[in-house]
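# Coordinate inspection notes
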Amino acid sequence: MAIIQRIKAEVIALDKVFSGVYKVVFRVPSRQNRFTPGQFAHLALDEFDQTLGFWPESRVFSISSEPKLDTLTLVYSVKGNFTRRMEAELAVGRSVWLKFPYGDFSIEYLAPAQSPLVIVAGGTGISPFIPFLSSAVRQNDSRKIHFHHGLKKNGMLIFEPELRLSSKLPGFQGVLYVEDETPRQDLDGWQTEAGRISTVAVRKSCRDLGVDTCVFLSGPPAMIDFFKNDLLDVGFSSDKIFIDSWE
Amino acid sequence: MATEKQLREEISQKVKEYYNVKFANQKFTPGETPVRYAGRVFDEKEIQSLVDSSLDFWLTSGRYTDEFENVLAEFVGVDNAILTNSGSSANLLAFSSLTSHLLGDKRLKPGDEVISVAAGFPTTVNPIIQYQMVPVFVDIELGTYNVLVEEIRKAIGPKTRAIFLAHTLGNPYDLEPIMDLVKQHDLWLIEDCCDALGSTYKGKMVGTFGHVSTCSFYPAHHITIGEGGAVFTNDERIARAVTSIRDWGRDCYCQGGENNTCGTRFTSTYGELPKGYDHKYVYSHIGYNLKVTDMQAAIGVEQMKKLPGFIAERKKNFQLWEEGFKDLESVFILPKATPGSDPSWFAYPVTVKMDAGFSRTELTDYLSRNLVETRNLFAGNLLKQPAYFGIKKRIASSLENTDRCMNDTFFLGTYPGLDEAKIKYSLQVLRQFLLGKGTLI
């Protein structure tokens, strides 16, 4: 595992994306901001006394910015006591303790280089893919990527600039699904569909991209199980399905 | 009542006083004070740091380990520096990580061949044997004491999968052509930098060329934490394998005192274990426990601050030896840096010429009796060591120079604890010996 960094980080930007969902940007030393896209960080609100050594209570969040920058971005949904505390206490200037990188959900290591990808991301489950997409844009990656992203409402789109840029990748096809309202039509380079992410569409992507396709699923556990089982039912290989699921 | 902070400061001040009484102001008296070939070089700060860590009483890795690993990685120029309890353990971890399932089909397997040398330290070669692979031995060049690239080229065969070499006594081997061979034949390269921390090749630190590299912090080395070593790599899979194998082979990556770092401690399925089996006790590698304590790392944090100065002293001492030996080329083969390299010398190696009129042992024995420490080039020829009789191996070329090393090579120290006075005295003793042999007039 890469060296685990324990960093006291200051909030430098905080956006309420929509009700109960926040995007937080922290200042971090770029030299210590090393992780593989797809990995996650622990966030602790209480002070970490390094001389005692015991890490305080924390929760995990996918890192949704690129490595080696002097900022680190996390997105979180308010779901329980800890995230309610985050909502109440986080503000620009407030410091937290971050501990990272952790996790194995890395396209770079799980999928063979240049293998086609089908990515299915539900809601804030898009977070772990953002560093990968940003890096792919920077490198003008030509691999084939079919990206299926589902939201309940248009206003819940979190990473609009990154998704717009991704659509310019030579092998990229993106579909945005909006469940509860008429989908917006202004996300350049993306198709839009009303309703939930379509299993038919995901299966079609897998067929179109061929036998070397790897599938990455991130989102609510129920959504992941649904898509995973559907693909297995149609004969897709389980060792080419990778999931990032949080209870 | 004093606060914790106040007490720590008082204790630290007392440590400094203790250092001044016990360790400072040590004089060198020629002929009475031994001239060591190596040893720990420190001041009160290392002891203060060690005591500060002990006051945490955090007995496993903690804040000082984090700091030491970060500083080390930054110094060498790698993404990952992973501490372990010795350079030999680092070699074991580096090598075993290349057998990990995380590397897929490219992983090393029993029966694969690994090119190395017999003129070196045993724990560069041991992991190859321990993992049931076949060491392929090639000869070295006298003067550089490193492998000749052409010998490697000739040694590569259909089963060759890796090269595992130490930068002998701090002198980098010729990395550019070796990297060409690595790429051409899709080999793994492990750089053993245990004697070479701070050496550069064409402006770049050794330890940054291979897939994985190692260093040692035993007291003889460039910095010390007592017993310690580190593995360096930019490959996240190798880093993951190293830490797993170091930490009992476990799949869990919680650090001491942590729980559920992965977030799925009781919810996943591994192997054929029941679903939800505690991830803390899931083992994905056959591993060991090769960890260090935070107290050792605390020493390392202070030693790293001194490292640039230590490297400069080593180079200066090497030059002093060079100056002292320059008129003795008729008797000795003198060391030379690999072209393009700037060694952070571990030692000053010398080979007695065949027609010198005396043996290496006669000379080193004389030096020793006059309190000048020397060492042979480690195992000499490993294949002559009792432990290596009967191992499966391939000898790819004549090991003539390796045998010469075994018979005729020794080294003098360059560590920062030496200075001009000690080196001058040592050279006087050497010259006395040569006079006695009629080699000098």
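My aim in this report is to walk through the structure given alongside it, one point at a time. (Residues numbered from 1 in each chain as written. Chains lettered and ligands numbered in written order. Predicted model: local features only at pLDDT ≥ 70, side-chain atom pairs only at ≥ 80, totals over all residues. Heavy atoms only, no water.)

### Some details on the overall build of chain B
Defined as follows: Going along the chain from the N terminus, every DSSP run of H or I of four or more residues is numbered as a helix, and every run of E of two or more is numbered as a strand. C-alpha atoms define the radius of gyration, and 2.2 Å times the number of residues to the power 0.38 defines the globule rule. Under the scheme applied here, a residue whose accessible area is under 20% of the maximum for its type counts as buried, over 50% as exposed, and between as partly exposed, the area being computed with a 1.4 Å probe on protein chains only. A contact between two residues is defined here by any heavy atoms of the two lying within 4.5 Å. The protein chains shown are the only cover counted for residues, whose accessible areas, like all others here, come from Shrake-Rupley with a 1.4 Å probe. Charged residues are defined narrowly, with Lys and Arg counted positive, Asp and Glu counted negative, and His plus the chain ends left uncounted. Charge coordinates come from a single atom per side chain, which is NZ of Lys, CZ of Arg, CG of Asp or CD of Glu.
Regarding its fold elements, chain B presents 12 helices and 15 strands. For chain B, the C-alpha radius of gyration of 23 Å lies close to 22 Å, the compact-globule estimate for 441 residues. Viewed in the frame of its principal axes, chain B has a C-alpha envelope of about 80 × 70 × 40 Å. Relative to its 441 residues, chain B shows a buried fraction of 58%. When contacts within chain B are restricted to residue pairs at least 6 apart in sequence, those whose partners lie at least 24 apart make up 73%. Carbon and sulfur atoms make up 52% of the accessible area of chain B, which amounts to about 18600 Å² in all. Counting 48 positive and 54 negative side-chain charges, chain B places the averaged centre of each group 2 Å from the other.

### Observations concerning the interface of chain A and chain B
Spelled out, the test is: In short, buried area is how much 1.4 Å probe accessible area vanishes from two parts on joining, totalled over both. Take a side-chain nitrogen of Lys or Arg and a carboxyl oxygen of Asp or Glu: if they are within 4 Å of each other, that pair is a salt bridge. What qualifies as a polar contact is a pair of N or O atoms within 3.5 Å, subject to a donor-acceptor requirement within protein and to the restriction that residues adjacent in sequence count only when both atoms come from side chains. Any residue outside Ala, Val, Leu, Ile, Met, Phe, Trp, Tyr, Cys, Pro, Asp, Glu, Lys and Arg is labelled polar, Gly included; the first ten of those are nonpolar and the last four are charged.
Contact residues are listed per partner, giving 26 residues for chain A and 30 residues for chain B. For the chain A and chain B pair, buried surface summed over both sides reaches about 2400 Å², with 49% attributable to carbon and sulfur atoms. Here chain A is connected to chain B by three salt bridges. Put simply, Arg6 of chain A and Asp66 of chain B hold a salt bridge, and the shortest N to O gap is 2.4 Å. Where chain A packs against chain B, one counts seven residue pairs in polar contact (both at pLDDT 80 or more). Looking at the side of chain A that touches chain B, the elements that each hand over two or more residues are β1 (5-18), β3 (40-44) and β6 (95-102) of chain A. A per-class count over the side of chain A that touches chain B returns 12 nonpolar, eight polar and six charged.

### As for the nonpolar core
For soluble globular proteins, the rule of thumb is that nonpolar side chains tend to be buried together. Residues and elements named next belong to chain B. Filter applied, for reference: Joining through side-chain atoms within 4.5 Å is the link that ties buried Ala, Val, Leu, Ile, Met, Phe, Trp, Tyr and Cys residues into a set, and such a set is a nonpolar core.
Ranked by internal contacts, the top residues of the largest apolar core, which has 37 residues, are Ile115, Ile152, Ile163, Leu165 and Ile178. Among the secondary structure elements, those contributing two or more residues to this core are β2 (113-117), β3 (134-138), α6 (149-155), β4 (160-166) and α7 (175-184). Broken down by element, the residue count for this core peaks at five residues, all from α7. Excluding residues within four positions of it along the chain, Ile163 makes contact with Val114, Ile115, Ile152, Ile178, Val182, Leu187, Trp188, Leu189 and Ile190.

### A few points about empty space enclosed by the protein
Residues and elements named next belong to chain B. Selection rule: Only protein atoms enter the 1 Å grid used here. Points where a 1.4 Å probe fits but cannot escape make up a cavity, open sets with protein on both sides within 12 Å along at least five of seven lines make up a pocket, and a residue lines them when an atom lies within 4 Å of a point. Grid points are joined across faces, edges and corners, and a volume is the space filled by probe spheres set on the points.
Tallied over the entire structure, the rule returns two cavities of 30 Å³ or more. The space that makes up the largest cavity amounts to roughly 50 Å³. Gly39, Val41, His221, His222 and Phe310 are, among the 13 residues lining the largest cavity, the residues nearest its centre. Computed from the structure, the second largest cavity encloses a volume of approximately 30 Å³. Taken together, Trp321, Phe325, Leu367, Val372, Phe410, Leu412, Ser426 and Leu430 make up the lining of the second largest cavity. Of all elements in the fold, only α9 (294-325), β15 (409-413) and α12 (420-436) reach the threshold of two or more residues within the lining of the second largest cavity. Grouping the amino acids of the lining of the second largest cavity by side-chain chemistry returns seven nonpolar, one polar and no charged.

### Structural notes on the pairing of strand β11 (residues 214-219) of chain A
Residues and elements named next belong to chain A. The condition that has to hold: Being paired, for any two strands, means DSSP has found at least two bridges between them.
Across the six residues of β11, six count as buried, placing the element largely inside the fold. Residue alternation in β11 divides its side chains into two sets, Cys214, Phe216 and Ser218 and Val215, Leu217 and Gly219, and both sets are buried. Pairing analysis gives five bridges linking strand β7 (residues 117-122) to β11, with the strands arranged parallel. Along β11, the bridge assignment pairs Leu117 with Cys214. Of the pairings in the sheet, the one linking β11 to strand β12 (residues 241-245) comprises five bridges and is parallel in character.

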